[in-house]
Amino acid sequence: MARTVGIDLGTTYSLVAYVDQETGLPRVIPGPYGTPLCPSVVSVDPDGSIVVGEAARRRLLTQPDRTIYSVKRLMGRGVEDVREEQKRFSFRMDPESTQVVRVRLGERVFTPPELSAFILRELKAWAEDHFQDTVDRAVITVPAYFNDAQRQATRDAGRLAGLEVLRLVNEPTAAALAYGLHEQQRGLVAVYDLGGGTFDISILKLISTTEGDIYQVLATCGDTHLGGDDIDNRLLDIAREEIRHRFRIDLDAAPERIQELREALIRAKHELSQAEQTRVVFPLDGVVYERRITRAEFEDWIASIIDRTFGPVRQALADAALQPAQLDEVVLVGGSTRLPLVRRRVEQYFGRRPHTELNPDEVVALGAAVQAGILTRGAQPMLLLDVTPLSLGIETMGGVVAKLIPRNSTIPASAQELFTTGVDNQTGIEIHVLQGERELARDCRSLARFTLRVPPMPAGMARVEVRFTIDASGILQVRARDLRTGQEQGVEVRPSYGLTDAEIERMLEESIEYAEQDFTQRQLIEARNEAESILHYTEKSLASEAAAELPDDDRARILAAAAALRQALAGTDYKQIRRLIDDLNQVTLPLAERMMNRVLAATVEGRRLEEL
């Protein structure tokens, strides 16, 4: 029997998990590098091969124009939605993109669901390697504040990856499932979820009954464009401006250097979660950008970003008719909640220390696995009552929105309402489906339009029943029926930013070649990626000041090893490439030692000058 898994499709990292049948507890599945974190990065080789995960992440430094990260921020969004943001990325939007965003990586063009499908396929492969069995069904998590278009795009990605998506579960709800199972806590719980690209806050009631546990979402709110990426971008903007001001160097024309600087700043961010200060050392053309950053300075830079999270927090509490002091527990989810500033602000706001016992990177995937177990085997006596994050309705006379399903309604849900014509002898009623909280249609997101034919009659005589049905994954169906004639018309809402069935079928056919890629080919791709990365750093190191002091015979050995490795890259023997990588690593040790000594000497000198 094929297996079912839970997947956290994240902005920065993605994970796959399952419920251990012996213990009944969820567990994450590690990948080939020993970690369960799969970087949500996709790269395209010149020959068209797709590289995913850690190997692709390394390509950000060597082939930024062929590599994409944070694709989740593009899911279900239109061209105009991302036009400003794309300036920060090394990839480029295809000029022929109209409504659906299409990304150009090298010579190939992809939609966000296609790119997400590559990540899902990679996780599917991890799980199949772990189980030595087929994996064909999954529960996939999405930010609670994902709208219908973003949810449809995620479901499309699952289908393209060869997975039956049993349920889309809101990320904070999944975290609450894992937390409730692990801690055996009950009561009112706030789940504060700050990830790489999105922020969510959900207020849940965890109830124990004689028949099992009930996880009821009372309210949810968030921002699908707020997360760790914004912190990274803030640091990058500051560093680039300082480099421009101090050295008159503009990095716009060197995307690979921007990615290297970004990597260095992310490392500094991580270090500042543990230390009170850190130092960034970034070599440029003939100069070195060196910057000491204190935690206080860093927190001052990012305070406004963290403050933005508390607008949705206040809204969610208001929707649940609760005060912060009424909550029993606060749970932190998402890698960005490791920042001390986030933990302090959350503790100050709610008046209690938040829970951090579960790994914030893993807890969402663990909860997805719990839900997968419930749906397939009834693994836990649990009932999950989630909510829809945004109101759903239709446009009426004058461009006004009539809301049929208000936000924070428990799902699955349905609602119906009677409407009539506004003009004499009208022969059709256009049903314009909308999502959002504004009062006018022009201010809400358009999801779909269709027309119901009605016989001509005086205005106000027609009786049309419009029914909205939203399933447990938050996907909407709309039906309209003329009560006089019985004529009916309906649509499963396929948002304008989604993919057509024909496009999905075409992509599925194209994916067969990728799915059948054998293990040897994968090994070759990974070996080539590592070799290219090492050759890139070797070339840079040989051009450094430290290399000028290198003896001629050491330099000759490095050049010979690099040439042999470069020649092997043209072949298909991954074992030979691996062997030559080891050879190059060995002969570059003297150079690495000299470079490290120079960095340490510069650091000591810098600290001495500060003390003076």
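Residues numbered from 1 in each chain as written. Predicted model: local features only at pLDDT ≥ 70, side-chain atom pairs only at ≥ 80, totals over all residues. Heavy atoms only, no water.

Participant: Describe the overall build of the chain, naming the residues involved and giving the relevant values.
Facilitator: What the chain contains, in helices and strands, is 16 helices and 28 strands. By the burial criterion, 56% of the 612 residues in the chain qualify as buried. Within the chain, contacts between residues at least 6 apart in sequence are counted, and of these 67% link residues at least 24 apart. When the accessible surface of the chain is summed, it comes to about 26,700 Å², and 48% of that surface belongs to carbon and sulfur atoms. (Helix = DSSP H or I, 4+ residues; strand = E, 2+ residues; numbered from the N terminus. Buried < 20%, exposed > 50% of the residue type's maximum accessible area, 1.4 Å probe, protein only. Contact = heavy atoms within 4.5 Å. Areas by Shrake-Rupley, 256 points an atom, 1.4 Å probe, with all protein chains shown as cover.)

Participant: Can you break down the sheet that holds strand β10 (residues 108-110) residue by residue, with the values?
Facilitator: In spatial order, the strands read β8-β9-β10; together these 3 strands make up an open sheet with antiparallel pairing. Every other strand in the sheet has two partners, leaving β8 (92-93) and β10 as the edge strands with one partner each. Relative to β10, strand β9 (residues 103-105) is paired through 3 bridges, and the arrangement is antiparallel. Along β10, the bridge assignment pairs V103 with F110. (Pairing = 2+ DSSP bridges.)

Participant: Please provide a residue-by-residue account of the environment of T12, values included.
Facilitator: On the secondary structure map, T12 appears in the loop between β1 (3-8) and β2 (13-19). Judged by relative accessible area, which is 35%, T12 ranks as partly exposed. Residues T12 and S70 lie 58 residues apart in sequence; the distance between their C-alpha atoms is 6.0 Å. When sequence neighbours within four positions are dropped, the list of residues in contact with T12 reads C38, P39, S40, G196 and D229.

Participant: Any details on the pairing of β1? Residues and values, ideally.
Facilitator: Of all 6 residues in β1, 5 are buried, a share of seventy percent or more. One ladder, built from 6 bridges, connects β1 with strand β11 (residues 135-142); its direction is parallel. Looking at β11, one finds that V5 is bridged to A138. Summarising the sheet, β1 and β2 pair through 3 bridges and their orientation is antiparallel. Across the sheet, the residue bridging to I7 is V16, located in β2. Where β1 folds back on β2, the antiparallel hairpin that results is connected by 4 residues.

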